[in-house]
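# Geometric and topological summary
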Amino acid sequence: MKIAISCQGNDLNGDIDPRFGRAKGFLICDTETDTQEYVDNTQNLNAAQGAGIQSAQNVAATGATAVITGHVGPKAYTALEKGRIQVCLKEGGTVAQALSDFKDGKLSSASGADKPGHW
């Protein structure tokens, strides 16, 4: 299983980025091979609009079936839902902590966006 974690760094020691659509990047963690790959998302940091949808498309292109992020807006959530990508919210901590919490079943799926658009 591949899990995309919004991150401010480019490895497991980096902090979770609290934003999905405007995250600096995503660490794609493959739980089957125990490998990670960093995917840059800087093209969406200052996007006037559409950052959440574009970020969802970028995550889907990696083959991820789950996302861990601090917060997600309505358009991003809808795009992820349509792509059948599970969304889990976790505020604070490192990417490694988020991955561990996910594997241990400590994170539940979000039932919708937790922020308005353009925040």
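Scroll up a little and you will see the structure.
Attention in this report is confined to the structure presented alongside it.

Rules and cut-offs
Residues numbered from 1 in each chain as written. Predicted model: local features only at pLDDT ≥ 70, side-chain atom pairs only at ≥ 80, totals over all residues. Heavy atoms only, no water. Core = buried A, V, L, I, M, F, W, Y, C linked by side-chain atoms within 4.5 Å. Buried < 20%, exposed > 50% of the residue type's maximum accessible area, 1.4 Å probe, protein only. Helix = DSSP H or I, 4+ residues; strand = E, 2+ residues; numbered from the N terminus. Contact = heavy atoms within 4.5 Å. Pairing = 2+ DSSP bridges. Right-handed = clockwise from strand over helix to strand, strands pointing away. Salt bridge = Lys/Arg side-chain N within 4 Å of Asp/Glu carboxyl O.

One finds F20, V59, V67, V72 and L80 to be the most contacted residues of the largest nonpolar core, which totals 17 residues. Breaking this core down by element, the ones donating at least two residues are β2 (25–30), α1 (51–61) and α2 (74–82). Tallying contributions element by element places α2 first for this core, with three residues. Discounting chain neighbours no more than four positions away, the residues touching V67 are A4, F20, V59, L80, I85, Q86, V87 and C88. I3, I5, A66 and L99 belong to the second-largest nonpolar core, a separate cluster that totals 14 residues.

Of note in this structure, D34 is not a glycine but carries a positive phi near 55 degrees. Locating D34 in the fold gives a position in the loop between β2 and β3 (35–40). Located in the positive-phi region is R84, a residue other than glycine, with phi close to 60 degrees.

This brings us to the pairing of strand β4 (residues 66–69). What you see with β4 is no split at all: A66 and I68 on one side and V67 and T69 on the other are buried throughout. One ladder, built from three bridges, connects strand β1 (residues 2–7) with β4; its direction is parallel. When the bridges of β4 are listed, I5 appears paired with I68. Across four bridges, β4 lies against strand β5 (residues 86–89) in parallel orientation. Looking at the pairing, T69 lines up with L89 of β5. Chirality of the crossover, the property in question, places the unit of β4, α2 and β5 among those that are right-handed.

If you walk through the whole model with that rule in mind, you get two salt bridges. Residue D17 pairs with R19 through a salt bridge whose shortest N-O separation is 3.4 Å. On the accessibility criterion, D17 (2% relative accessible area) is buried.

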